[in-house]
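# Breakdown of the fold
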Amino acid sequence: MENEKQILTVSELTKEIRKTLEETFEQVSVIGEISNFKSHISGHWYFSLKDADAVINCTMWKGFNQYVFFTPQDGMKIIVNGKLTVYPPRGSYQLDVRSMKPAGLGELQEAFEKLKKKLEAEGLFDEKFKKPIPTFPEKIGIVTAIDGAALRDLISVAKRRFPLVEIVIAPARVQGSGAATAIVNSIQLLNEYTGIDVIIVARGGGSIEDLWAFNEEIVARAIFKSKVPIISGVGHEVDFTIADYVADLRAPTPSVAMEIATPDVIEIKNFINDFISKSSTYIEEIIETRLQDVTALNKSYGFRLPMDILNRKMQQVDISIGRILQSKEKYSMVYDKKISLLSKSLEAYDVQRSLKRGFVLVNQNSKFVTRASDFNKEKNARLKFYDGEVTIH
Amino acid sequence: MTKKKTKSNFEQDLSRLEEISRILEEDNVELEEAITLFDEGVKLSKSCLKTLKEAELKITELKSELGKYTQIEE
């Protein structure tokens with residue numbers, strides 16, 4: 001009956017195996033390549049790790065995988081840490097993963113290239129989808145860490161360049177686990193907000209791990225889906241992320257992103273001041289031109305014509321006046337002659353002559369007495385001779 | 001965001017100023033018109049400069065709580 005005692009139920013055996021495995025492999029680190037990666041709706045991850053000759057099933061619960069800064073991709077070589085356990089319903093052993101990291105930076109680089117190729121093939125980087133960045137934004141949305149240096153830079157640039165703008169910050173973690181989801185949510189949030197003209201997705205410099213959220217597929221798709229144009233300003237000049245490729249415009253740094261998004265107040269002021277001085281000159285030029293036009297017109301044949309006409313008329317008048325004067329002279333001469341003739345004939349009737357011939361003029365009461373009947377014998381009379389007068393009584 | 005909104009007053013003023021500048025530069029405007037435009041331009045210049053001088057950056061922070069977003073004005 002010893003043998004009978006040895007008989008175990010499946011569950012009992014499984015329990016024993018599980019105990020043995022868990023105690024033996026309580027803390028193991030394993031390197032391998034990811035395959036069949038699935039992120040379940042519950043938030044748990046299911047995948048396999050494999051190498052050339054073997055494969056092992058893995059699980060990573062939500063409580064642990066939320067601390068992973070990258071989204072695992074099939075083919076990525078990773079190092080996991082966890083314990084071996086058994087899943088009784090299936091009678092299989094599996095690795096219960098507690099932490100995970102890429103086997104090397106090369107792995108991230110590879111994942112980056114892979115995603116880049118995939119999205120590029122889908123057309124997410126196509127120039128035709130790039131939305132224009134407005135010149136005069138009223139509201140600029142910002143997706144970045146609320147306590148980051150990037151935000152301080154963005155605000156100071158906005159203040160300096162275009163304080164007319166309103167900054168709307170949708171804070172998001174930009175590093176570590178959950179960063180990608182937070183960035184996606186913030187982009188959506190700003191798309192729902194009224195009146196955002198442009199969104200800046202930014203983060204200061206850091207390692208490839210630090211910037212990894214911007215290389216996540218969900219971030220790329222959220223940027224692509226955004227109806228508001230997006231400028232990316234992630235890391236330094238040399239850092240290129242997937243977000244940069246999908247964004248409508250890539251700025252090398254957060255500060256430059258804000259410079260691109262805003263017009264420069266100094267340039268605007270210069271333009272305005274320029275306008276005032278330049279347009280005064282234009283006006284002066286216009287007046288000068290018109291003045292020249294008027295002067296030229298004055299000198300033109302058409303304008304001279306009336307003067308000519310006037311001059312001609314003047315000449316005619318002069319001529320007429322000349323004629324009038326001439327004829328006046330002529331007439332005067334005629335009259336002069338007539339007058340002298342008349343004078344001569346008058347001379348013939350000159351009283352003096354008669355007096356000389358012995359006639360006398362009789363004057364009574366200051367009147368000449370021409371008839372004897374008019375003569376008053378009682379009164380004095382004055383007799384006028386040729387050579388003098390006498391009074392008779 | 002809906003379709004492209006109407007331009008802001010500042011943007012409108014500035015583009016009008018650019019337009020006036022262009023018209024004046026072309027030098028085939030009537031003198032009266034040029035002077036009217038110049039007057040308008042100077043007025044716009046002054047109002048734009050005033051707006052810029054008085055501008056202060058406005059910052060709004062959006063906060064996400066349980067899927068509901070509240071707005072915090074700074």
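### A closer look at the overall build of chain B
Of regular secondary structure, chain B possesses 2 helices and 2 strands. Taken from the N to the C terminus, the helices and strands of chain B come in the order α-α-β-β. Relative to its full complement of 74 residues, chain B shows a buried share of 16%. Excluding contacts between residues fewer than 6 apart, the proportion of contacts in chain B whose partners are at least 24 apart in sequence is 35%.

### Structural notes on the overall build of chain A
Helix and strand content of chain A: 12 helices and 14 strands. The buried share of chain A, reckoned over its 393 residues, is 26%.

### Some points on the sheet that holds strand β2 (residues 45–50) of chain A
Residues and elements named next belong to chain A. What the 5 strands build is a closed barrel, ordered β1-β2-β3-β5-β4; its pairing is mixed. Adjacent strand axes in the sheet meet at a mean angle of 50 degrees, parallel and antiparallel pairs treated alike. The sheet contact formed by strand β3 (residues 55–60) and strand β5 (residues 92–102) spans 3 bridges and is parallel. Looking at the pairing, C58 lines up with L95 of β5. Strand contacts of helix α2 (residues 10–24): β4 (77–87) and β5, with the helix running at about 145 degrees to β4, the strand carrying the most contacts.

### Some words on the pairing of strand β8 (residues 198–203) of chain A
Residues and elements named next belong to chain A. Within β8, 6 of the 6 residues are buried, which leaves the element mostly enclosed by the surrounding structure. Neither face of β8 is left uncovered, since the one carrying V198, I200 and A202 and the one carrying I199, V201 and R203 both have all their residues buried. In terms of strand pairing, strand β6 (residues 139–143) meets β8 through 4 bridges, oriented parallel. Counted as the bridge partner of G141 is I199 from β8. Bridge analysis of β8 against strand β9 (residues 230–234) gives 5 bridges, and the strand direction is parallel. By the bridge assignment for β9, V201 is matched with S232. Handedness of the crossover joining β8 and β9 through helix α7 (residues 217–225) is recorded here as right-handed.

### A few points about the interface of chain A and chain B
Counting residues at the interface gives 36 residues for chain A, matched by 32 residues for chain B. Going through the elements one at a time, α5 (149–161), β7 (166–169), α6 (179–192) and α10 (265–299) of chain A are the ones with two or more residues in the side of chain A that touches chain B. Looking at which element gives the most residues to the side of chain A that touches chain B, the answer is α10 of chain A, with 14 residues. Residue composition of the side of chain A that touches chain B, grouped by class: 24 nonpolar, 4 polar and 8 charged.

### Things to note about the nonpolar core
Residues and elements named next belong to chain A. Formed by 67 residues in total, the largest nonpolar core has its most connected members in I142, I183, I200 and V201. Per-element accounting of this core gives the leading share, 8 residues, to α6. Here this core gathers at least three residues from each of two domains, domain 1 (2–103) and domain 2 (113–263).

### Topic: the packing of α10 of chain A against helix α2 (residues 31–54) of chain B
For the pair α10 of chain A and α2 of chain B, the least separation of the axes is 10 Å and the interaxial angle reads 165 degrees. One finds that α10 of chain A runs roughly antiparallel with respect to α2 of chain B. Every pair of crossing elements has a handedness; the one defined by α10 of chain A and α2 of chain B is left-handed. Between α10 of chain A, through V265, I268, K269, I272, F275, I276, S279, I283, I286, I287 and R290 of chain A, and α2 of chain B, the contact on the second element is made entirely by L31, A34, I35, F38, G41, V42, S45, C48, L49 and L52 of chain B. In the contact of α10 of chain A with α2 of chain B, the residues fall into 16 nonpolar, 3 polar and 2 charged.

### Regarding the pairing of strand β1 (residues 28–39) of chain A
Residues and elements named next belong to chain A. For β1 and β4, the ladder comprises 6 bridges, and the chain directions are antiparallel. Each bridged residue has a counterpart across the sheet, and for E33 the counterpart in β4 is K77. Note: β1 against β2, 5 bridges, orientation antiparallel. Bridged to S39 within β2 is W45. Connecting β1 to the antiparallel partner β2 that follows it, the hairpin turn spans 5 residues, and G43 within it adopts a positive phi of roughly 105 degrees.

Calculation notes
- Residues numbered from 1 in each chain as written.
- Chains lettered and ligands numbered in written order.
- Predicted model: local features only at pLDDT ≥ 70, side-chain atom pairs only at ≥ 80, totals over all residues.
- Helix = DSSP H or I, 4+ residues; strand = E, 2+ residues; numbered from the N terminus.
- Buried ≥ 20, exposed ≤ 12 C-beta atoms within 10 Å, placed from the backbone.
- Contact = placed C-beta atoms within 7 Å.
- Pairing = 2+ DSSP bridges.
- Axes fitted to C-alpha atoms, helices over the stretch in contact; angles between N-to-C directions.
- Right-handed = clockwise from strand over helix to strand, strands pointing away.
- Nonpolar A, V, L, I, M, F, W, Y, C, P; charged D, E, K, R; others polar.
- Core = buried A, V, L, I, M, F, W, Y, C linked by C-beta atoms within 7 Å.
- Domains from an automatic or database assignment.
- Parallel < 35°, antiparallel > 145°, perpendicular 65-115°, else oblique.
- Left-handed = near helix turned anticlockwise from the far one by under 90°.

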